[in-house]
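Examination of the molecular architecture
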Amino acid sequence: MILGAHVSTSGGLHNAIKNGTDLQCDTIQIFLRNPNQWQGKSPTPEIVEKFTAAWSETDLGEVIAHDIHLSNLASPKPDVLKKSRQAFREQMELAQLLDLRYIVTHLGAHLGEGETFGLQQLTDSFDFLFENTEAPDVMLLLETTAGQGTNLGYRFEHLRDVIGMSKYPDRFGVCLDTCHVFAAGYDIRTESDCAATFKQFDDIIGLERLKAFHLNDAKSEYQSRVDRHEHIGEGNIGTTAFTYILHDARFAEIPLIIETPQMKTMHEVNLSILRKLKL
Ligand SMILES: [Zn+2]
Ligand SMILES: [Zn+2]
């Protein structure tokens, strides 16, 4: 298994590497900039150099980037759309410089304009980005979402449609978040639920698109469309789904990232629970 965690970049992007190796991670996920601000610091050659040097001194595998929280690439509001695209473009370019293969992104929210509008707006944003950004090696991972409010991405069909409508389908993969799919109404509490959900994923999107997992238990209820993560085994999903994923040979080479609460104190605990479930 390739197991890791979302870790802090506090004090500089290069610190994420140590945060990951301290937790014996095989892979990590990071924010490339403050996720709650539009403006990011522009990456200096020193930042890139320090990060690359720190990474190369370790056995750490994939480093995955996650888009900022403010982003809404499906927004009907021109100012938000413009800022979202600009911020995303900067993150894609930085990912390219840092040699990161993947940026995970949510699908945005249509804010009342309807899902058809939102999915088209989102696809247009991605095509605009592919055509106007110097980041040829960066793949976008569409994340399954819980579907709060008017958020898109809570049906596998939404992800399929964006990939299908884009002029650049090869630039997309998918990140499956266990908490989000459960809250969205894909049950994974028993082995047969897991088998059925992954069958649906394969039928609708195709398992070959699956490039990362977010392993989070859910504080939110099944079908609640609410996004609240919980420690592994302490939420409404329970351990069966995690045991299933950890032992399924189809997922052996796919990065498994925890985004559970209280990362400073609890990441170690959640990772050790997953390592035990793998035994
Ligand atoms: Zn996630
Ligand atoms: Zn979430």
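Preceding block: the structure.
Here's what I pulled together on the structure shown here.

What counts, and where the lines are drawn
- Residues numbered from 1 in each chain as written.
- Chains lettered and ligands numbered in written order.
- Predicted model: local features only at pLDDT ≥ 70, side-chain atom pairs only at ≥ 80, totals over all residues.
- Heavy atoms only, no water.
- Donors = N, O, S within 2.8 Å, 3.2 Å for Na, K, Ca; no water.
- Tetrahedral: all angles 85-135°; square planar, octahedral: opposite > 155°, others 65-115°.
- Buried < 20%, exposed > 50% of the residue type's maximum accessible area, 1.4 Å probe, protein only.
- Helix = DSSP H or I, 4+ residues; strand = E, 2+ residues; numbered from the N terminus.

Only H180 (NE2), D227 (OD), D227 (OD) and H229 (NE2) from the protein reach the zinc ion (ligand 2) as donors, at distances of 2.0 to 2.5 Å. For the zinc ion (ligand 2), the 4 donor atoms in the first shell make angles of 54 to 138° at the metal, so the coordination geometry reads as irregular. Summarised as a motif, the one-chain spacing of the donors to the zinc ion (ligand 2) is H-x46-D-x1-H. Here the zinc ion (ligand 2) and the zinc ion (ligand 1) are spaced 4.5 Å apart. Looking at D227, the relative accessible area reads 25%, which means it is partly exposed.

Residues other than glycine seldom take positive phi values, yet R225 does so here, at roughly 60°. Checked against the element boundaries, R225 lands in the loop between β8 (217-218) and β9 (229-230). Its identity as a non-glycine residue notwithstanding, Q262 has a phi of 50°, on the positive side. As for its placement among the helices and strands, Q262 is situated in the loop between β10 (255-258) and α9 (263-278). Here Q262 falls in the exposed class, since its relative accessible area comes to 52%.

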